[in-house]
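# Secondary and tertiary structure notes
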Amino acid sequence: MSGAVGVPPKVPVYRPYLGVEVQEAARKALEVGWLGMGALTREFEQALEARLLLDGRRAVSTNSCTEALHIAARLIGLGPGDEVICPSFTYVAGHQAISRTGASIVFCDVEPDNLSIDPARVRELITDRTRAVLAVDYLGIPCQLDELMDIAREHDLRVLEDAAHAFGSSSKGRPVGSFGDITCFSFGPVKTITTLEGGAVITPDERDVQALHELRHLGIDADTDARYRNQRNWDFDVVRQGYRCHLGSVPAAIGLAQLAMVDEFVLNRQTYCRTYDQAFADIEGLRLFDTDWKDIAPYIYVLRVADGRRADLAAHLSARGVSTGIHFLGAHEFSFYADSRRGDLSVTEQAAGEVLTLPLHPYMTPEVLEQVIDGVRSFYAAG
Ligand SMILES: *Cc1c(COP(=O)(O)O)cnc(C)c1O
């Protein structure tokens, strides 16, 4: 327990900003008293569309990124008999969203530099059952989406981009979400901006918006417009199997407050990542990501720890009050996916054994950064 006498609180891996702006936004939304999907939900979606320079693309908010991926998978018609080529090296939320439709997961390796799905390996796994590719912007570094889109065009596939890590990142001057096929964001508890729990689907096709609204809210054809005015429509039809995964008004208000601060969050995170990079650059036995963090909104800071020393480094840090995480285990090892088809996964297996996530927050003091850096450096100084 933090607060125990003599034991300083551990530096957590994540620490969302929940300060006065966020609390005030939540309080005001509670005062309005409209808790369900409402005007604030639409306001948040419009703010996302503006921030991401969507230029006609549309944002449909949800109560998580998992549900965003799920309704995106339903939107493109995934079901039993279909195959989706997925990185094994990602959070199982993506795999679960897809396998829930009855489609089969096919595990694909990642490329060794940025650990996002390897387009060359994707090509090798395509069959006549392949319907889609799941791409993940690991850490916030954009995946090779242009190559994946080329493959998708050649083979008539869809690309589901899991951008849970990449809100605020850009590639070639384009914000993630403003190009590509279907993009999903997370605003979960620990993500770069949070709505406590939340997510969004970005679609380039205006015609998908109605379908996504139906999928998001119980297959009901006509209630979104009324709810966006904090009203209800009592006359509606149910036109498909839907789910219940809309974003409520209070979470949306928190999202708006977070969005107003995201530039500062991102700048700080970039600065902390560069500080870590500089501090660790000379340590043999650590591999850092080869980026200057420009144009990247870093969600987590990950070291690749060579020589089987990850567990020892994590224990050393823990003893010095620094928490760490592991992003990710290879999902092909999970028992639920034991029968899933897979290609060679050697990069995944190596990465899954090496990655160690250090604390990265929107606001960190020099003392906290120093504590983390000293923890890592003292491990290697001891040899
Ligand atoms: C956090 C995360 C998700 C799930 O997001 P939720 O909003 O918690 O459902 C999906 N994919 C990746 C890569 C994530 O890190």
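Conventions and cut-offs
- Residues numbered from 1 in each chain as written.
- Predicted model: local features only at pLDDT ≥ 70, side-chain atom pairs only at ≥ 80, totals over all residues.
- Heavy atoms only, no water.
- UniProt positions renumbered as here; feature names shortened; annotations may be inferred.
- Near = heavy atom within 4 Å.
- Polar contact = N/O pair within 3.5 Å; in protein donor to acceptor, adjacent residues only side chain to side chain.
- Areas by Shrake-Rupley, 256 points an atom, 1.4 Å probe, with all protein chains shown as cover.
- Nonpolar A, V, L, I, M, F, W, Y, C, P; charged D, E, K, R; others polar.
- Salt bridge = Lys/Arg side-chain N within 4 Å of Asp/Glu carboxyl O.
- Helix = DSSP H or I, 4+ residues; strand = E, 2+ residues; numbered from the N terminus.
- Buried < 20%, exposed > 50% of the residue type's maximum accessible area, 1.4 Å probe, protein only.
- Contact = heavy atoms within 4.5 Å.
- Expected span 1.5 Å × (residues − 1).
- Phe/Tyr/Trp six-rings, centres within 6.5 Å; stacked < 30°, edge-to-face > 60°.
- Lys NZ or Arg CZ within 6 Å of the ring centre and 35° of its normal.
- Pairing = 2+ DSSP bridges.

Under an unreviewed UniProt entry, the name given to the protein is DegT/DnrJ/EryC1/StrS family aminotransferase, and the source organism is Goekera deserti. Taken from UniProt, the Cofactor (unreviewed entry) comment for the protein reads in full: "pyridoxal 5'-phosphate".

The environment of the ligand is made up of S64, C65, T66, T90, Y91, A93, D162, A164, H165, S186, K191 and G198. Within the side chain of D162, a nitrogen or oxygen atom sits 2.6 Å from a nitrogen atom of the ligand. For the ligand, an oxygen atom lies 2.7 Å from a polar atom in the side chain of S186. If the ligand stood free it would expose 390 Å²; the protein chains cover 91% of that surface. Across the shell around the ligand, the residue classes tally to 4 nonpolar, 6 polar and 2 charged.

Per the counting criterion, the structure on display carries 25 salt bridges. Between D181 and R158 there is a salt bridge, with the nearest N and O atoms lying 2.8 Å from each other. Taken as a pair, D181 in the loop between β7 (174–175) and β8 (182–186) and R158 in strand β5 (residues 158–162) lie far apart in primary sequence, 23 residues in all. On the accessibility criterion, D181 (11% relative accessible area) is buried.

Let's shift gears to the UniProt feature "modified residue: N6-(pyridoxal phosphate)lysine" (unreviewed entry) in the protein. When the UniProt feature table is mapped to this numbering, "modified residue: N6-(pyridoxal phosphate)lysine" (unreviewed entry) covers K191. When neighbours within four sequence positions are excluded, K191 is seen to be in contact with A164, H165, S186 and Y299.

This part is about the UniProt feature "active site" (unreviewed entry) in the protein. According to UniProt, the positions carrying the feature "active site" (unreviewed entry) are K191. Inspection of the secondary structure puts K191 in the loop between β8 and β9 (199–203). Judged by its relative accessible area of 16%, K191 is buried.

Right, let's get into helix α10 (residues 262–280). Since the α-helix turns once every 3.6 residues, residues separated by three or four places project in the same direction. With 19 residues, α10 should cover 27 Å at 1.5 Å per step; its first-to-last C-alpha distance of 27 Å lies within 8% of that length. Regarding α10, the residues found buried are V262, F265, V266, N268, R269, Q270, Y272, C273, Y276, D277, A279 and F280.

Bringing the packing of aromatic side chains into the picture now. Considering all chains together, one arrives at 19 aromatic pairs under this definition. Between F280 and Y301, the ring centres sit 6.4 Å apart and the planes meet at 50°, which makes this aromatic pair tilted. With F280 in helix α10 and Y301 in strand β11 (residues 301–305), this residue pair connects regions lying 21 residues apart in the sequence. With a relative accessible area of 1%, Y301 lands in the buried category. Across from the ring centre of F289, 5.6 Å away, lies the NZ or CZ of R304, which sits over that ring.

Further remarks concern the pairing of β9. Among the 5 residues that make up β9, 5 are buried, leaving the element largely enclosed by the rest of the structure. Neither face of β9 is open: one carries G199, V201 and T203, the other A200 and I202, and all of them are buried. Pairing analysis gives 4 bridges linking β8 to β9, with the strands arranged antiparallel. Across the sheet, residue S186 finds its bridge partner in β9, namely G199.

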